[in-house]
2 protein chains.
Amino acid sequence: MSSSHEPTIQKETLYQGKIIDVEVHDVELPDGKTSKREVVKHPGAVAVIGVNEDGKIPLVRQFRKATEEFLLEIPAGKREAEEEAKITAARELQEETGYTAGHLQEMACFYTSPGFADELIHLYLATDLRAGRSQTEADEFLSVEEWTIAEARSALREGSWRDAKTAFAIQSLVAKYD
Amino acid sequence: MSSSHEPTIQKETLYQGKIIDVEVHDVELPDGKTSKREVVKHPGAVAVIGVNEDGKIPLVRQFRKATEEFLLEIPAGKREAEEEAKITAARELQEETGYTAGHLQEMACFYTSPGFADELIHLYLATDLRAGRSQTEADEFLSVEEWTIAEARSALREGSWRDAKTAFAIQSLVAKYD
């Protein structure tokens, strides 16, 4: 298999935004025909799951405009240019929940929507959490909740985690404690 | 909490494409200030994990232009207007892998990238698989692989599933068999 199975013949950048860019590529298919591919470029993100000394998982509930819903998610944020993913993860955890982590270990790294976007998430397990004061950005309005592992497992069985990275992270954590 | 925490003051549709549309919303924040939200509209998708009578999981390997990588994923496809998710799931499984499923059970339903997109995936567990002939669409080039649960579990431990929905589905399946 070639490393570029669908080479771009021509590319048009339709939008350059604050977080995402949108491109349309005319690509050559393996049979020589052409097709269009819509691509959302995203800087990537980090997400952090941890358990505090009381055995609780810090989570953030926030309104997501894209989905027009309040979602309960693990702390997360987009990658910053010239900042290591692990450092961004430590910072986002602290800003959103107040917790600082003694250790961060990468659990997984995956694309969220490879059919149309290049967003890659680095997921970390945070241990040795110390509570502190949260400090969110100007346009972030979120509330912190702390769930026991039993509560998280119960929501998993009911299929009620609505955010993919959170569902995966909760499932990984539950597997560790089962 | 209001059901519309960030009401749209003004919306601009920047792109209407084959699969995605792109909108920018000027929204009102809870403190009365305004901010911009970039939103990718997507029809949603279905994905299917199953185990055949030999205890193997059908997977598809395909080039994803957005990520410029070949990815190994569970069979999936986008929602079609006026088609139930379960019917689309049965069809995608058959088209991509040749398998027909006697039963499809919804395992989870989640947003893949709620920070910027409304893509909602319905994930199904397929049982009573019967092998048949695959039939992919004109611009789809994929190869089918069948992995044992032990192989899937091993890749999970190595963190080597690169697609979020697939990582979650494999983890769910492995949990059932552990």
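This text goes with the structure placed above it.
The shown structure was predicted, so the numbers you read here are calculated from the model rather than taken from an experiment. Throughout this document, residue positions are counted from 1 along each chain, in the order its sequence is written. Chain A is the first chain written and ligand 1 is the first ligand written, with later ones labelled in order. Per-residue local features are limited, in this predicted model, to residues with pLDDT of at least 70; the limit for side-chain atom pairs, both in listing and counting, is 80 or more; totals at the level of whole chains, interfaces and linings are taken over all residues. Computation of side-chain values: all heavy atoms of the structure, hydrogens and water removed.

Description of the interface of chain A and chain B
The interface is formed by 64 residues belonging to chain A together with 64 residues belonging to chain B. Buried surface at the junction of chain A and chain B, summed over both partners, amounts to about 5,500 Å²; 62% is from carbon and sulfur atoms. The largest share of the area that chain A buries against chain B comes from A:Glu38, A:Lys65 and A:Tyr111, three residues that together contribute 13% of it. Take a side-chain nitrogen of Lys or Arg and a carboxyl oxygen of Asp or Glu: if they are within 4 Å of each other, that pair is a salt bridge. Applying the counting criterion to the chain A and chain B interface returns zero salt bridges. Identification of polar contacts relies on pairs of N or O atoms within 3.5 Å, with a donor-acceptor requirement for protein atoms, meaning one able to donate a hydrogen and the other able to accept it, and with residues adjacent in sequence counted only if both atoms are side-chain atoms. At the junction of chain A with chain B, the criterion picks out 27 residue pairs in polar contact (both at pLDDT 80 or more). In this analysis, two residues are considered to be in contact whenever any of their non-hydrogen atoms come within 4.5 Å of each other. By buried area we mean how much accessible surface two parts lose on assembly, using a 1.4 Å probe and totalling the loss over both.

A short note on the pairing of strand S3 (residues 34–41) of chain A
Residues and elements named next belong to chain A. DSSP bridges decide pairing: two strands pair if at least two such bridges lie between them. Numbered from the N terminus, helices here are DSSP runs of H or I no shorter than four residues, and strands are runs of E no shorter than two. As judged from the eight bridges shared by strand S2 (residues 21–28) and S3, these two strands associate in the antiparallel manner. Along S3, the bridge assignment pairs Asp26 with Lys36. Counted along the chain from S2 to the antiparallel partner S3, the turn is five residues long, and its residue Gly32 has a positive phi close to 90 degrees.

Considerations on the sheet that holds strand S6 (residues 69–73) of chain B
Residues and elements named next belong to chain B. Sheet architecture is open: three strands sit in the order S6-S5-S10, paired in antiparallel fashion. Where the open sheet ends on each side, the last strands, each with one partner, are S6 and strand S10 (142–148). Strand-to-strand twist across the sheet, computed as the mean angle between neighbouring axes with direction ignored, equals 30 degrees. Bridge count between strand S5 (residues 56–64) and S6: five bridges; the pairing is antiparallel. When the sheet's bridge partners are listed, Arg64 is paired in S6 with Glu69. Each axis is a line fitted through C-alpha atoms, taken for helices only over the stretch in contact, and angles between the N-to-C directions span 0 to 180 degrees.

With respect to the nonpolar core
Among the buried residues, those of types Ala, Val, Leu, Ile, Met, Phe, Trp, Tyr and Cys that are joined through side-chain atoms within 4.5 Å form a nonpolar core. Classification of residues uses two cut-offs on accessible area relative to the type maximum, computed with a 1.4 Å probe and protein chains only: under 20% is buried, over 50% is exposed, and between them is partly exposed. Formed by 53 residues in total, the largest nonpolar core has its most connected members in A:Ile57, A:Trp161, B:Ile49, B:Ile57 and B:Trp161. The contact partners of B:Trp161, leaving out residues within four places of it in the chain, are A:Cys109, A:Phe110, B:Leu59, B:Leu72, B:Trp147, B:Ala152, B:Ala155, B:Leu156, B:Thr166, B:Ala167 and B:Ile170. Listed in part, the 14 residues of the second largest apolar core include A:Tyr15, B:Val22, B:Val40 and B:Ala117.

A look at the packing of aromatic side chains
The way to describe two aromatic rings as a pair is by their centre distance and the angle between their planes. Residue and element names in this part refer to chain B. Ring geometry is summarised as follows: Phe, Tyr and Trp rings, the Trp one being its six-membered ring, pair when their centres sit within 6.5 Å, and such pairs are stacked at plane angles under 30 degrees, edge-to-face over 60 and tilted between the two. This structure, assessed with the given rule, holds six aromatic pairs over all chains. For the ring pair Trp147 and Trp161, a centre distance of 5.2 Å and an interplane angle of 50 degrees mean the geometry is tilted. Of this pair, Trp147 sits in strand S10 while Trp161 sits in the loop between helix H2 (149–157) and helix H3 (164–177), and the two are 14 residues apart along the sequence. Trp161 gets classed as buried once you look at its relative accessible area, which sits at 4%.

Details of the pattern of salt bridges
Tallying each qualifying case throughout the model produces 24 salt bridges over all chains. When the shortest N-O distance is used, the salt bridge between A:Arg61 and A:Glu145 registers 2.5 Å. Taken together, the residues span a long stretch of sequence, with A:Arg61 in strand S5 (residues 56–64) and A:Glu145 in strand S10 (residues 142–148) at a distance of 84 residues. With relative accessibility at 23%, the residue A:Arg61 sits in the partly exposed group. Here B:Glu95 ties to B:Arg91 by a salt bridge, and the two come within 3.3 Å at their closest N and O atoms. Of this pair, B:Glu95 and B:Arg91 both sit in helix H1 (residues 85–97), four residues apart, roughly one helical turn. Using a relative accessible area of 14% as the deciding quantity, one classes B:Glu95 as buried. One connected set of salt bridges, linked through shared partners, spans A:Arg64, A:Glu73, A:Asp163 and A:Lys165.

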